[in-house]
Amino acid sequence: MKTMRRLLIKNIGLLVADRHGKPCLCGDEMAEADIVRDAWLLVEDGRVKDFGGKADQTIAPPDEAMEGLAVVDAEGGAVLPSFCDSHTHLVYADSREGEFVDKIRGLSYAEIARRGGGILCSADRLHQMSEDELYRRAMRRVEEIVRKGTGAVEIKSGYGLNTADELKMLRVIRRIGQTAPLRVVATLLAAHAVARDYAGRQADYVDMVVGEMIPEVGRQQLAHFIDVFCDEGFFTPEETARMLEAGAKWGLRPKIHGQELADSGGVEVAVRCHALSVDHLERMTARDIALLREARGATIPTALPGTSFFLNMPYAPARKMLDAGLPLALASDYNPGSTPSGDMKFVVSLACIKMRLLPVEALHAATLNGAAAMGLSRDYGSIARGKVANCFITEPVDSLDMLPYAYTTPLIKRVVLGGELIDERWQRDEK
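Residues numbered from 1 in each chain as written. Predicted model: local features only at pLDDT ≥ 70, side-chain atom pairs only at ≥ 80, totals over all residues. Heavy atoms only, no water.

Attention shifts here to the layout of surface pockets. The calculated volume of the largest pocket comes to roughly 630 Å³. Elements supplying a minimum of two residues to the lining of the largest pocket: α2 (109-114) and α3 (119-128). The element best represented in the lining of the largest pocket is α2, accounting for four residues. Class assignment for the residues of the lining of the largest pocket results in 16 nonpolar, eight polar and six charged. (1 Å grid on protein atoms, 1.4 Å probe; cavity = no way out; pocket = protein on both sides within 12 Å on 5 of 7 lines; lining within 4 Å. Points joined across faces, edges and corners; volume = space filled by probe spheres on them. Helix = DSSP H or I, 4+ residues; strand = E, 2+ residues; numbered from the N terminus. Nonpolar A, V, L, I, M, F, W, Y, C, P; charged D, E, K, R; others polar.)

Structure below.
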């Protein structure tokens, strides 16, 4: 008979629980939190079995002599659900710190791209790198974000820009999902830019994506989503809709990069194509907010404050979105050009400092709503009975507000993914 794996986390100062069972939070709902103090959390076979606190006399804590029970002492720290980062590009060949200096000297993102830098530079380097080396470098970044509290992540392709290299990226993403302890979803972002070989022939490149790339990715079942960079200087709303519709025929659910560089029509096409999320939104308009309200939460706006911070751009109007009753997700946009960081704790801090979100609103946006923006909130994004036990333990804090307030302090002490302490699991895997 198989022995049940059990984990008890005891002496929790405060536990951020979920007893509402909602797949996504909107507007005023995001300002509410279910806090259990002086708490304990029991995990069985990788999922949350139960939790309680001293104030709740109806739920008895488990017997520490229970068979197969491992016990972790939180020592008064908080236990929060792992971050769910719904927008990253963390599979790439090399950094682009030279462009960092160009930005300091005044060049814009679009100007760097026109000079042959940006996405095309990353595509050139990725083309020359072996699949094994690409995986090895990406796994270093994966380990980094896991230790900083991320338990589910979406990873996009988009630095291949030809069929062979896009497939190479997606195979690396699949391999990460098979070997790393966090949950991984893959997105085909072939329409990240127009490949060098198609310079001046954007329509031909779109034809190739629709006729060649998407069917091959679909046949090999290498991606869950399809994304398009619908913005000024990249792909038009019409081209975006065509590629998203082609992807949907192969089972790839739409997502969109939109409204980052200009009022590009990205939100409108996202709603029309039933995209799960529309991301960036630095140039979002009041009309966009109205369109998303009409969509009634079917398309989740996703803000990437790390991009605004690094590129010195406007921030997405997150406060206006919540005041309009919309859902909101936060993600890192981890990539070598515009956001070389996957630190979701810092993303939460930026959302509070620069976007005027309350700490609890920002935390919901980075956890449950991030999971919803990946279609994962049934199993991820909150500490609820029956959900996958993904959480982290912090240093002792008096309130949730401390996490974004102490924006550079390494408060996260231990990470639990799938009901296992990550440091111990990876040590076993390495042996």
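Further remarks concern helix α13 (residues 359-366). Where burial is concerned, most of α13 is hidden: eight out of the eight residues are buried. For α13, the full list of buried residues reads Pro359, Val360, Glu361, Ala362, Leu363, His364, Ala365 and Ala366. (Buried < 20%, exposed > 50% of the residue type's maximum accessible area, 1.4 Å probe, protein only.)

Next up on the list: empty space enclosed by the protein. Taken as a whole and assessed by the stated rule, the structure comprises four cavities of 30 Å³ or more. Here the largest cavity defines a volume of roughly 90 Å³. Contributing to the lining of the largest cavity are 14 residues, with Tyr109, His192, Asp333, Asn335 and Ser338 lying nearest its centre. Looking at the lining of the largest cavity residue by residue, the class counts come to four nonpolar, seven polar and three charged. Space inside the second largest cavity adds up to approximately 60 Å³. Breaking the lining of the second largest cavity down by element, the ones donating at least two residues are α1 (97-104) and α2. The biggest single contributor to the lining of the second largest cavity is α2, with three residues.

Notably, aspartate 45 is not glycine yet its phi reads approximately 50 degrees, a positive angle. For aspartate 45, the location among the structural elements is in the loop between β2 (34-44) and β3 (47-53). For aspartate 333, which is not glycine, the phi dihedral falls at a positive 65 degrees. Note that aspartate 333 resides in the loop between β13 (329-330) and α12 (344-355). Assessed through its relative accessible area of 2%, aspartate 333 is described here as buried.

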